[in-house]
Each structure stands twice: as structure tokens, then as C-alpha cells.
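Listed here are the chains, written in short residue letters.
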Amino acid sequence: MHNENFTIPVGSIFSKAEIAKLRSETRGVQNVIHFNNAGSGLMPDIVTQVQLDHIALEANIGGYEASALRAEAVQEFYTQTALLFNCKLTNIAFTASATDSYTRALSSIPFKQGDIILTDKDDFVSNQIQFLSLQKRFGIKIVHINNAPEGGVDLGDLEEKLFKLKPKVLAITHVPTNSGLAQPVKQIGHIYQKFVANQADQSWYILDACQSAGQMKLDVQDLKCDFLSVTGRKFLRGPRGTGMLYISDKALESGLEPLFIDMRGAEWTDKGSYKQQPDARRFEDWEFAYSTVLGTSAAIAYCRSIGEDRIRGQVKLLSGKMRKELEAIDRVRVLDRGPELAGLVTFTVGNSDPLLIVNELARRKINVVPSYRAFGLIDFDEKGVKWAIRASPHYYNTLDEVEGFIESVKEII
Ligand SMILES: Cc1ncc(COP(=O)(O)O)c(C=O)c1O
């Protein structure tokens, strides 16, 4: 284990020895101060290694032969993901990204002209573009739920619109990409369940948990969603090019299937027909980059061995500290608001240039990203800003890294 001199925040959930161990298992912390976990988290070394090993195996014995040889380890991906979301293995599909998961789910809904998609004002940009594309092609309608005065979905408005409009789809993003908000998903799930029980059995709830997976516990029994779309590479610290999709039994039993189902999702039984798989494999493609399946499995096991609740506590502590110190800097405006905040810290700086700030931070080996209006149009307009910097700490970051970042921001602006 390498020796690093660092400090941890007051109230730290992890001991210094634990943080030292976690950092010793992540080579990237030697090179950069990584506050871009909402972009792509630093992979633990074990995640890197299992992928390298599998690629070497493919080179040595052949790709098909390698995945056959590692069939048990591949199956472990489903076990780990089912444990992560508290569901059965048969509810889990492996995909190439959160967007890939999302579009497979969305494409399975049998939309008719005039059907309504009810969504929140902080829903992810690509989801919103896909709804607009559905509107253009099929004439569906998009309705937004109002925000509460403190930010996040107005639960009263959600309930009213659900019962009045009877939407075909409820689409919520748990933690938006450009704001520290965490939507009150437990209450949303509860309200949605009431609606479905009383009014509609042909309505579907898609929850985008891309930014929340790996930084907080996701239990589909509480969330009450029909689909949960997730990426591997962000707070879960898995490989790029990976995603997971949870599909509820209700959705599977109703026969929903992705529009472009392939030979893994279905069996070609007759010249004029095919039979869909009974389980979530229906939402998968035949071809996988198996090294990334194994890497994702290792990342989920690593996350679970640490514990999502402890991770949540530490991320909350570091991001809270970051926000407090940023707020104290002249000209800096922290933009995060909501009943509950996640680990994404967003801020803007009056009379400054986002690229200059990001590039200057990068020169100091501090990773953050700029966000622009087009990434979250409704949210940015409501806040009256054109851009924001997003800094997203994780549990392996230290207090010194947060303080170094704050000092750098002060120097740059
Ligand atoms: C909230 C949210 N949803 C979906 C996505 C899309 O994820 P992916 O790039 O894995 O498709 C992102 C990516 O930043 C996101 O922040």
C-alpha cells in the first residue's frame, strides 16, 4: 500500500485507514484530483484488471471460446446487479449505456397518437430529445410536472396530473446531470403506485437512475418503477460502454419488448413469427463486449462491499463542504437546489468563461466539466444562467483535494 499524506473531513464515514486502502486500490488518484465522477468515475484497479485479463484470454483462445470459458463469471454480473437493485436475476438486462437502456425501454411502449408522456423539468436532455422525436413521428404529447418552490418535483402537481391526464409513461430522472438535486423518488413511486392501482394498468414508469447508481441505494421494491436505466461508468466506477436495465415483472408479463428485438431477445420460430424470451434477456442484444460485462460485475461487487449507505454519507459530506466553500467565494453562485441534494455540485461565476476555468483546473490536474444551457434547458432558464461548472466528488476523494480545488477556483477567477 502506498503512503499518502492526506486529511479526511470532520464527521467522515470512513476512517483514514479505510480511505487509504480505497485509494491504494485506485491508481488514478496518483495522477489526478478527480471531481468528474458524474462523468466517469475512476475505476478501481480490480475493475481494470478483470477487463485486461479477459481481453488477453480472447486474444489467446478466441472471443467466443473466452466467453464460454468464463460463463459463470458472466452470470455473476446478473447476480451482482440483482443484489444492487433488490430484484431477481430475470429482471436484469446488460446494455451499452444508460441511453441504450433507456431507448430499449422507451421503444417497448406501444404508443398511439395522443398518448401522454408525463415528465419532470430536470429530466435528462437525451430523454427529452427522444420524447420530442416520438412527438414528431407519432404525435404523442409531452407534459411537464411543475417544480416545487424549493426545487424538485411538486408532488401535489404530479398526483393531480397523473390522475387527470392518465399518461402512458411517467418519466423521471432521479439525479439530473447538471444539478445537485435528488428527486424525492420514494414519494414519487408511492404516488405512482396509487395511480396505477386505481386508474391505469397500461401505464409505465421509467426511472433514469444514471447518476444515482453507485452513490445511493436503489431498491426497486421501494421505487415502484417499471424500468430503471443505469450506466456502469459513473458513480459505480465501472467501465465505459456499459449499462444496465431493470425491467419489472409487470412489464415482462405484459409482453413489452424492444422495437428492434434481436436473436438473443427472441427465437425465430417460424417463417412468419418469433417467440420473445420470457425474461429480461428480451431487452438484450446478442453481442456483448464481455470484458466490460465482467468489469461491470467487479465494479458492482466493489461498490456493494463498501456499502451504498456509507458511500452516500461520504459523498454528501464532501459535496456539502464543497458547496459551502464555493458559496463563500465572491462572484460564485452555487446552483443546486431541492429537497435533497446529491453529489453533483454545480456553480457559475459572474463575468467568467467556463472553458477558461475548466482548462485552468485541468492544468492543475483537477477534473471537472462545463455544462451549458442545451444540457438542461428548462432548469438553466429557470435559474437564469447560460453555463455551469460541475464538480462531482466521490468517497475516495480527500478533504485536501476539496480544499485544493477551492483554492484553485479562487486563484483562477
Ligand atoms: C441523468 C443522466 N441520464 C442519462 C445519461 C446518459 O448516460 P449514458 O451516457 O451512459 O448514455 C446521463 C449522462 O450523463 C445522465 O447524467
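Residues numbered from 1 in each chain as written. Predicted model: local features only at pLDDT ≥ 70, side-chain atom pairs only at ≥ 80, totals over all residues. Heavy atoms only, no water.

**Q** Which residues make up the site of the ligand, and what values go with them?
**A** In the vicinity of the ligand there are 13 residues, among which Thr-99, Thr-177, Asp-208, Arg-233 and Lys-234 approach most closely. Measuring from an oxygen atom of the ligand, one finds a side-chain N or O atom of Arg-233 at 2.8 Å. Here the ligand, which alone exposes 390 Å², has 89% of that area covered by the protein. (Near = heavy atom within 4 Å. Polar contact = N/O pair within 3.5 Å; in protein donor to acceptor, adjacent residues only side chain to side chain. Areas by Shrake-Rupley, 256 points an atom, 1.4 Å probe, with all protein chains shown as cover.)

**Q** An account of the pattern of salt bridges is needed here, citing residue identities and associated values.
**A** Summed over all chains, the structure comprises 24 salt bridges. When the shortest N-O distance is used, the salt bridge between Lys-186 and Asp-222 registers 3.6 Å. Placement of the pair is Lys-186 in helix 8 (residues 185–198) and Asp-222 in helix 9 (residues 220–223), with a sequence separation of 36 residues. We note a salt bridge from Asp-336 to Arg-323, for which the minimum N-O separation is 2.6 Å. Of this pair, Asp-336 sits in the loop between strand 11 (332–334) and strand 12 (345–349) while Arg-323 sits in helix 12 (residues 308–327), and the two are 13 residues apart along the sequence. By relative accessible area, Asp-336 is classed as buried at 12%. Within this structure, Glu-360, Arg-363, Arg-364 and Glu-411 form a network of salt bridges that share partners. (Salt bridge = Lys/Arg side-chain N within 4 Å of Asp/Glu carboxyl O. Helix = DSSP H or I, 4+ residues; strand = E, 2+ residues; numbered from the N terminus. Buried < 20%, exposed > 50% of the residue type's maximum accessible area, 1.4 Å probe, protein only.)

**Q** Residues and numbers for the packing of aromatic side chains, please.
**A** Per the counting criterion, the structure on display carries 15 aromatic pairs. Between Phe-35 and Phe-405, the ring centres sit 5.6 Å apart and the planes meet at 65 degrees, which makes this aromatic pair edge-to-face. Here Phe-405 lies in helix 15 (residues 399–412) and Phe-35 lies in the loop between strand 1 (33–34) and helix 2 (45–61), a separation of 370 residues in the sequence. Where Phe-163 meets Phe-195, the ring centres are 5.7 Å apart and the plane angle is 75 degrees; that geometry is what we call edge-to-face. (Phe/Tyr/Trp six-rings, centres within 6.5 Å; stacked < 30°, edge-to-face > 60°.)

**Q** Report on the sheet that holds strand 8 (residues 243–247), specifying residues and quantitative values.
**A** A sheet is described by the order of its strands in space; here 7 strands give the open sequence 2-8-7-6-5-3-4, paired in mixed fashion. With one partner strand each, in any of the chains shown, strand 2 (92–95) and strand 4 (141–145) form the two edges of the open sheet. Taking each pair of neighbouring strands and ignoring which way they run, the sheet shows an average axis angle of 20 degrees. Across 4 bridges, strand 2 lies against strand 8 in antiparallel orientation. Note on strand 8: the bridge partner recorded for Phe-94 is Met-244. (Pairing = 2+ DSSP bridges. Axes fitted to C-alpha atoms, helices over the stretch in contact; angles between N-to-C directions.)

**Q** Tell me about the pairing of strand 7 (residues 227–231), residues and numbers included.
**A** Counted residue by residue, strand 7 has 5 buried out of 5 residues, so it is predominantly covered. Here strand 7 shows a buried face lined by Phe-227, Ser-229 and Thr-231 and a second buried face lined by Leu-228 and Val-230. Alignment of strand 6 (residues 204–208) against strand 7, held across 3 bridges, turns out to be parallel. Residue Ile-206 lies in a different strand from strand 7, and its bridge partner there is Phe-227. In the sheet, strand 7 pairs with strand 8 via 5 bridges, with the strands oriented antiparallel.

**Q** Summarise the domain arrangement of the protein chain; cite the residues concerned and give the values.
**A** Taken domain by domain, the protein chain comprises domain 1 (16–42 + 307–412) and domain 2 (52–305). Computed over C-alpha atoms only, the centres of domain 1 and domain 2 are separated by 27 Å. Both faces combined, the contact of domain 1 with domain 2 buries some 2900 Å², and carbon together with sulfur accounts for 47% of it. A per-residue breakdown of the area domain 1 buries against domain 2 is headed by Glu-308, Arg-337 and Leu-344, which together make up 20% of the total. In this assembly, domain 1 and domain 2 are joined by 2 salt bridges. In this structure, Glu-382 engages Lys-121 in a salt bridge whose closest nitrogen and oxygen atoms are separated by 3.7 Å. (Domains from an automatic or database assignment. Buried area = accessible area lost by both parts, 1.4 Å probe.)

**Q** Now, about the side chain of Ser-101: what can you tell me, with residues and values included?
**A** Among the secondary structure elements, Ser-101 is positioned in helix 5 (residues 98–107). Residue classification places Ser-101 among the buried residues on the basis of a relative accessible area of 0%. A distance of 2.9 Å separates a polar atom in the side chain of Ser-101 from the backbone oxygen of Met-244. The residues touching Ser-101, leaving out its near neighbours within four places in the chain, are Thr-95, Ser-229, Val-230, Gly-243, Met-244 and Leu-245. (Contact = heavy atoms within 4.5 Å.)

**Q** Before we move on, can you summarise the packing of helix 7 (residues 155–165) against helix 8 with the specific residues and values?
**A** It is the contact of helix 7 with helix 8, at a shortest axis distance of 10 Å, that shows an interaxial angle of 20 degrees. Accordingly, the angle class assigned to the pair helix 7 and helix 8 is roughly parallel. Crossing geometry of helix 7 relative to helix 8 is assigned as right-handed. Of the residues in helix 8, those in contact with Leu-155, Leu-158, Glu-159, Leu-162 and Phe-163 of helix 7 are Gln-187, Ile-188, Ile-191, Tyr-192, Lys-194, Phe-195 and Asn-198. Taken together, the residues of the contact of helix 7 with helix 8 sort by class into 8 nonpolar, 2 polar and 2 charged. (Parallel < 35°, antiparallel > 145°, perpendicular 65-115°, else oblique. Left-handed = near helix turned anticlockwise from the far one by under 90°. Nonpolar A, V, L, I, M, F, W, Y, C, P; charged D, E, K, R; others polar.)

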